[in-house]
Amino acid sequence: MSRSDSPISNENFLEQIINEDLSNGFDKNKLRFRFPPEPNGYLHIGHAKSICLNFGFGKTFSSPVNLRFDDTNPEKENITFINSIKEDIKWLGFTWDSECYASDYFDKLFDWAIHLIKNNNAYVDSQDQETISEQRGIPTSPGVLSPYRERSVEENLDLFNKMKEGGFLPGECVLRAKINMSSPNMHMRDPVLYRIINHDHHRTKDKWKIYPTYDWAHGQSDYIENISHSLCTLEFLVHRELYDWLIAHIPKEKEILPKQREFARLNLSYTIMSKRKLADIVKLGVVSGWDDPRMPTISGLRRRGVPPGAILNFCDKVGVAKRENIIDYALLDFCTREVLNKISHRVMVVLDPVELEIINYPENKSETLTAENNQEDESYGSRKLSFSKNLYIERDDFKEEANRKYFRLTLDKEVRLKNGYIIKGEKVEIDKEGNIKKIFCTYDPKSKSGSGSPESLRKVKGTIHWVDKNNYENISVNIYDKLFLSETPGENDDGDITTQINNESIKTFDGACAEISLRDATFDKYYQFQRKGYFKLDSKSSKIIFNRTVTLRDNIKY
RNA sequence: UGGCUCAUGGUGUAACUGGUAACACGUCUGGUUUUGGUCCAGAAGAGUCUAGGUUCGAGCCCUAGUGAGCCAACCA
């Protein structure tokens, strides 16, 4: 097969690395990956990239993927976050092999720390944080050695045990690896392995007074779990030297030495990925919560109506590489529409209603029309629509007069009522303020949709949606816009993310009129309000409230 | 007067062991259409940060610049 017609999509650099390892003799059955979130917040679209990457490798190599909570900082972590993380991963459609916790390895980690001490590779430093930080120096010049660096093994053992027993206050002392205070890599300048934290842990409760740092816990957890490839974002690249050093200095108990490799994190235009800043706008009440439909969290996107498949496609299209990137939000919208177009139930909803009366339609007549639920897929069936003399149409679907680029209803021109008849605007009733009160039209009785009559086959320029004034459901609709004003809000906020907030990011239409079928709207369905966009029933309300997921692609050129 | 990483159309990602740039989004045309949606057809848009070098030939290799990012938490 020639290169040009190869169906194989290009593998990213990480997949190439794995394939190289395989061709160098690494046993395919020993491949194992992991997704290691810290349970200190909700997962966002950036995490989705990492999830898709790791679980994606799990699929392409038929390898297990662990879900491991990096729970080494009890002050910031809690069970709520753990539960939300698990829910989000499941919703995306992935299944983890083992559910692991770094905290499960605290005993092991402690033993290995003793091992380091005994081998003169770690020591207890009795200086405060500020002093240690000063001694570490700056990247361009070497640091200075701690005066406690040469304590005897016995003394270190003694002090470390005392740390464990709660014999010291937080900040009084730490356990440090003894590596190289002149390394150009700051992380090699005797990094802290353990610190004292007086805080109950959500799993180990009050068992521990000391907690391992990220560097001490992460690589070792990978090692314990037999992770073959530990994939993380670029900012951890400088940690790799330490990652490898620590694994090289603990007892050799495992066959597989995990390999850390780094890729660029996802950035999305007009949004922030910083968990801290996301937590800030939640705390400040800028949004209603982590799952506010405007949030870039998985739960926010879910509530907004973005289907999991769209997120998966998006992560696939975004690619994996090592350079800084800002993905155009339009790509996410495209992925969302792409799947929603196939699966959504079409319905008619008038967001901003104005009355339309059909002059020549019999006064007390009412008829039932049939409409397809999804022209992309016949299996979605059809539904009944009620039609009568008085209807509601969208206020901006009418203009008394307009140029020929305007395809909607005007006086003297014909348009089709979707699934109904062809009508012609005749006159308008205007109130004292000059607002259109009511529109009058005539209809062609022979033009009924689907009747097959010559009249019904007539070409008209526009089709508008409508709802029967005598038979509709009043609903509320949330229309969302971007939460942030700037394309790169995190870079323009001068430390205060609230300065970047778009105050018009939500508009609610409480007087929307929906066809009656929406009385039976369900949470599991995705809807398209024809000509208006894709909508999802809000999962947090008992009333009928719809959230607009995304508009339809719009090509209007006036 | 540090170390490391990166640099390809507007955005993102490709280009096998070097053979003069591809795909997707976006943009623009036209067609179809009972959603200004979908679908179909097509177009514009980079000569690969700069300067040298190696080579018959370089986006790919080398050197030097330039620009961007990361690192000096007892966060992850």
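Up top is the structure.
Here goes a summary of the coordinates provided.

**Here we look at the overall build of chain A**
Okay, step 1: Counting its regular elements, chain A contains 13 helices and 25 strands.
Okay, step 2: In terms of C-alpha radius of gyration, chain A reaches 31 Å, well past the compact-globule figure of 24 Å for 558 residues.
Okay, step 3: For chain A, the spread of C-alpha atoms along the three principal axes comes to 100 × 60 × 40 Å.
Okay, step 4: The proportion of buried residues among the 558 residues of chain A is 53%.

**Considering helix α7 (residues 214-224)**
Okay, step 1: Within α7, 10 of the 11 residues are buried, leaving the element largely enclosed by the surrounding structure.
Okay, step 2: The set of residues buried in α7 consists of D215, W216, A217, H218, G219, Q220, S221, D222, Y223 and I224.
Okay, step 3: N226 sits one or two positions beyond α7 and adopts a positive phi of about 60 degrees.

**Overview of the protein's contact with RNA strand B**
Okay, step 1: Close to RNA strand B lie 70 residues, the nearest being N10, R323, R346, S449 and Q528.
Okay, step 2: In this structure, R136 approaches RNA strand B through a side-chain N or O atom, which is 2.9 Å from a phosphate oxygen.
Okay, step 3: Within the side chain of Q375, a nitrogen or oxygen atom sits 3.2 Å from a base oxygen of RNA strand B.
Okay, step 4: With 4 residues, the top contributor of residues to the surface near RNA strand B is helix α12 (residues 329-343).
Okay, step 5: Class assignment for the residues of the surface near RNA strand B results in 22 nonpolar, 23 polar and 25 charged.

**Some remarks on the pairing of strand β13 (residues 366-372)**
Okay, step 1: Only one face of β13 is covered, namely the one carrying E367, L369 and A371; the face carrying S366, T368, T370 and E372 has none of its residues buried.
Okay, step 2: Direction of pairing for β13 relative to strand β14 (residues 382-388): antiparallel, over a ladder of 7 bridges. Pairing of E372 across the sheet is with S382, part of β14.

**Some remarks on the sheet that holds strand β1 (residues 33-35)**
Okay, step 1: The strand order across the open sheet formed by 3 strands is β1-β2-β3, and the pairing between neighbours is parallel. With one partner strand each, in any of the chains shown, β1 and β3 (99-101) form the two edges of the open sheet. The average undirected angle you get between the axes of adjacent strands in this sheet is 35 degrees.
Okay, step 2: The pairing of β1 with strand β2 (residues 65-69) spans 3 bridges and is classified as parallel. By the bridge assignment, R34 is partnered in β2 with N66.
Okay, step 3: Each of β1, β2 and β3 touches helix α3 (residues 79-92); the most contacted strand, β2, lies at about 160 degrees to it.

**Some details on the packing of helix α2 (residues 45-60) against helix α11 (residues 308-318)**
Okay, step 1: One way to put it is that α2 packs onto α11 with a least axis distance of 9 Å and a crossing angle of 75 degrees. What the angle tells us is that α2 and α11 run roughly perpendicular. Residues I45, A48, K49 and C52 of α2 form the contact with α11, whose participating residues are I311, L312, F314, C315 and V318.
Okay, step 2: The class makeup of the residues in the contact of α2 with α11 is 8 nonpolar, no polar and 1 charged.

**A look at empty space enclosed by the protein**
Okay, step 1: In the structure shown here, the tally under the stated rule is 2 cavities of 30 Å³ or more.
Okay, step 2: Here the largest cavity defines a volume of roughly 60 Å³.
Okay, step 3: Broken down by secondary-structure element, the contributors of at least two residues to the lining of the largest cavity are β14 and β20 (466-468).
Okay, step 4: Partitioned by chemical class, the residues of the lining of the largest cavity number 4 nonpolar, 2 polar and 3 charged.
Okay, step 5: Both of domain 2 (266-348 + 466-558) and domain 3 (349-465) provide at least three residues apiece to the lining of the largest cavity.
Okay, step 6: In terms of lining residues, the second largest cavity is bounded by Y214, D215, H218, H239, L242, Y243, L246 and Q260.
Okay, step 7: If you list the elements that add at least two residues to the lining of the second largest cavity, you get α7 and α8 (240-249).
Okay, step 8: Taken together, the residues of the lining of the second largest cavity break down into 4 nonpolar, 3 polar and 1 charged.

What counts as what
Starting afresh in each chain, residues are numbered from 1 along the sequence in its written order. Following the order in which they are written, the chains are lettered starting with A and the ligands numbered starting with 1. Totals for whole chains, interfaces and linings use all residues, but because this is a predicted model, local features are given only for residues with pLDDT of at least 70 and pairs of side-chain atoms are given and counted only at 80 or more. Computation of side-chain values: all heavy atoms of the structure, hydrogens and water removed. Every helix listed is a DSSP run of H or I at least four residues long, and every strand listed is a run of E at least two residues long, numbered separately from the N terminus. Put simply, the radius of gyration uses C-alpha atoms, and a globule should come to 2.2 Å times the residue count raised to 0.38. Buried residues are those whose accessible area, probed at 1.4 Å on protein chains only, stays under 20% of the maximum for their type, while exposed residues exceed 50% and partly exposed ones sit between those limits. The rule for a residue being near a molecule or strand is that one of its heavy atoms must lie within 4 Å of it. Any N or O atom pair separated by 3.5 Å or less is treated as a polar contact, with the protein-specific requirement of one donor-capable and one acceptor-capable atom, and with residues adjacent in sequence counted only for side-chain atom pairs. Classification used: nonpolar for Ala, Val, Leu, Ile, Met, Phe, Trp, Tyr, Cys and Pro, charged for Asp, Glu, Lys and Arg, polar for all others including Gly. Here the rule is simple: two strands pair whenever DSSP picks up at least two bridges between them. A fitted line through C-alpha atoms represents every axis, and for helices the fit uses only the stretch in contact; the resulting angles, taken between N-to-C directions, go from 0 to 180 degrees. It only takes one pair of heavy atoms within 4.5 Å for two residues to be counted as in contact. Each angle receives one of four descriptions, namely roughly parallel if under 35 degrees, roughly antiparallel if over 145, roughly perpendicular if within 65 to 115, and oblique otherwise. Here the term cavity refers to a set of points on a 1 Å grid, laid over the protein atoms alone, in which a 1.4 Å probe fits but cannot get out; the term pocket refers to an open set having protein on both sides within 12 Å along at least five of seven lines, with lining residues being those that place an atom within 4 Å of a point. Grid points are joined across faces, edges and corners, and a volume is the space filled by probe spheres set on the points. Reported domain spans reflect what an automatic or database domain assignment gives.

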